[in-house]
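Secondary and tertiary structure notes
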Amino acid sequence: QVQLVESGGGLVQPGGSLRLSCATSTINFSISAMAWYRQAPGKQRELVATITSGGGSTNYADFVKGRFTISRDNAKKTVYLQMNSLKPEDTAVYYCNRQVGVLSWGQGTQVTVSS
């Protein structure tokens, strides 16, 4: 069974940084475009960032562009999200998954931005 395990969340002050990690057991990881999503309380899950299978191309939602960086390590089957200049509106549970052919969702990791 494929697993997605997100980690690295926590409580941070506005302007702070966090680095999220997502480890996966999927054997197709190295050929899968991956993505980070987030879901704030009372809101639908939304796409935050995507990265191609080889890591050569990335895309970001406008609300995180210039602040977040997605990357991956195919040898470790792990995708990362470096989050800088965090804002209170970034507070959400963050999930990773494939960009196409979404797998069963992991538990996510809570990010809370508050003073």
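As a reminder, the structure under discussion sits directly above these lines.
Reading the values: the criteria
- Residues numbered from 1 in each chain as written.
- Predicted model: local features only at pLDDT ≥ 70, side-chain atom pairs only at ≥ 80, totals over all residues.
- Heavy atoms only, no water.
- Buried < 20%, exposed > 50% of the residue type's maximum accessible area, 1.4 Å probe, protein only.
- Helix = DSSP H or I, 4+ residues; strand = E, 2+ residues; numbered from the N terminus.
- Salt bridge = Lys/Arg side-chain N within 4 Å of Asp/Glu carboxyl O.
- Pairing = 2+ DSSP bridges.
- Polar contact = N/O pair within 3.5 Å; in protein donor to acceptor, adjacent residues only side chain to side chain.

A short note on unusual backbone geometry
- Not every positive phi belongs to a glycine, and Lys77 is a case in point at roughly 50 degrees.
- On the accessibility criterion, Lys77 (29% relative accessible area) is partly exposed.
- Phi at Ser85 is positive, roughly 50 degrees, even though this residue is not glycine.
- Here Ser85 is to be found in the loop between β8 (78-83) and β9 (92-98).

Regarding the pattern of salt bridges
- Overall, the coordinates contain four salt bridges when judged by the stated rule.
- Arg38 is the partner of Glu46 in a salt bridge, and the nearest nitrogen-oxygen pair spans 2.8 Å.
- For Glu46, a relative accessible area of 32% translates into the label partly exposed.
- Here Arg38 makes a salt bridge to Asp90, at a shortest N to O gap of 2.9 Å. With Arg38 in strand β4 (residues 34-39) and Asp90 in the loop between β8 and β9, this residue pair connects regions lying 52 residues apart in the sequence. There is no split in this pair, since Arg38 and Asp90 are both buried.
- A cluster of three or more residues bridged by salt bridges with shared partners is formed by Arg38, Glu46, Arg67 and Asp90.

A closer look at the pairing of β8
- For β8, the tally of buried residues reaches five of six residues, placing the bulk of the element in the interior.
- Of the strand pairs in this sheet, strand β3 (residues 18-24) and β8 are connected by six bridges, and their pairing is antiparallel. Directly across from Leu20, in β8, lies its bridge partner Leu81.
- Where strand β7 (residues 68-73) lies against β8, six bridges are found, and the strand directions are antiparallel. Considered in β8, the bridge of Phe68 is made with Met83.
- Between β7 and β8, which pair antiparallel and follow one another directly, the connecting turn spans four residues, one of which, Lys77, has a positive phi of 50 degrees.

Thoughts on the side chain of Arg38
- Looking at Arg38, the relative accessible area reads 6%, which means it is buried.
- In this structure the side chain of Arg38 is engaged in a polar contact, spanning 2.9 Å, whose partner is the side chain of Asp90.

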